[in-house]
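Here is what each chain is made of, one letter per residue.
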Amino acid sequence: MEDLSVLDRKLVRLLSQNARASVSDLAKALGVSRLTVQNHMQQLERRKVIQGYTVNLNENYGSSEIAAYMLIATDQKQLGSVVRAMEKIEQIYSLSSISGEYDLVAELRAETTASLDHAMDQVSQVSGVLRSHSSVLLSKKFQRG
């Protein structure tokens, strides 16, 4: 995405801060016309730079959910099948590859500790998972964006 214009980068930054900002407000902040903003947003969507718009919920709204990060070491030959198996575990909110001792980090979210525990057991049983390490999130100290 290195080939984004300065305007595109500024637009993406503004949308990251508030995906519901009106085209008029974005145009005013960028010093361009509404039509220019609309055209750039459409181009960014077509190029898959923008793949969707989201909502940031108040921390208290999601406070009933229990969240954890799970570091996962895999047999590299089975990484593709491990990722496909992880997609089927509904408590996995996101999965990312990482560098270091572990290969993947999963963010899990569940309504109960029993559901979270069950999901962690499912991850451990996936063929190609060698070992894992989990940490339950207790409280969020701050969040950017």
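This is a predicted model, so every value here is computed, not measured. (Residues numbered from 1 in each chain as written. Predicted model: local features only at pLDDT ≥ 70, side-chain atom pairs only at ≥ 80, totals over all residues. Heavy atoms only, no water.)

We now examine the confidence of the model for the protein. Regions with low pLDDT should not have their predicted coordinates read in detail. With 91% of its residues at a pLDDT of 70 or more, the protein shows a mean pLDDT of 90. At the low end of the mean pLDDT range in the protein sits helix α1 (residues 6–17), at 91; at the high end sits strand β4 (residues 129–136), at 97. (pLDDT = per-residue confidence, 0-100. Helix = DSSP H or I, 4+ residues; strand = E, 2+ residues; numbered from the N terminus.)

Here we come to the pattern of salt bridges. Here the idea is simple: oppositely charged side chains can pair when their charged atoms come close. Per the stated rule, a full pass over the model turns up three salt bridges. Among the ionic pairs, Arg131 bridges to Glu101, the shortest N-O distance being 3.3 Å. Here Glu101 lies in the loop between β2 (92–97) and β3 (104–110) and Arg131 lies in strand β4, a separation of 30 residues in the sequence. Classification of Arg131 as partly exposed rests on a relative accessible area of 37%. Glu107 serves as the salt-bridge partner of Arg109, at 3.0 Å between the closest nitrogen and oxygen. What makes Arg109 partly exposed here is its relative accessible area of 28%. For Glu107, a relative accessible area of 13% puts it in the buried group. (Salt bridge = Lys/Arg side-chain N within 4 Å of Asp/Glu carboxyl O. Buried < 20%, exposed > 50% of the residue type's maximum accessible area, 1.4 Å probe, protein only.)

What follows concerns the side chain of Thr74. Within the secondary structure, Thr74 is located in strand β1 (residues 66–74). The class of Thr74 is buried, set by a relative accessible area of 6%. When near neighbours in sequence (up to four residues on either side) are disregarded, Thr74 contacts Leu79, Val82, Asp103, Leu104, Gly128 and Leu130. (Contact = heavy atoms within 4.5 Å.)

Moving on, we get to the environment of Asn18. With respect to the element layout, Asn18 can be found in the loop between α1 and α2 (23–30). C-alpha of Asn18 to C-alpha of Lys28: the two residues are 10 residues apart in sequence and 14 Å apart in space.

Close contact between α1 and helix α3 (residues 34–46) brings their axes to 11 Å; oriented N to C, the two are set at 85°. The orientation of α1 with respect to α3, classified from their angle, is roughly perpendicular. Where α1 abuts α3, its residues Leu7, Asp8, Leu11, Val12 and Leu15 lie against Thr36, Val37, His40, Met41 and Leu44. (Axes fitted to C-alpha atoms, helices over the stretch in contact; angles between N-to-C directions. Parallel < 35°, antiparallel > 145°, perpendicular 65-115°, else oblique.)

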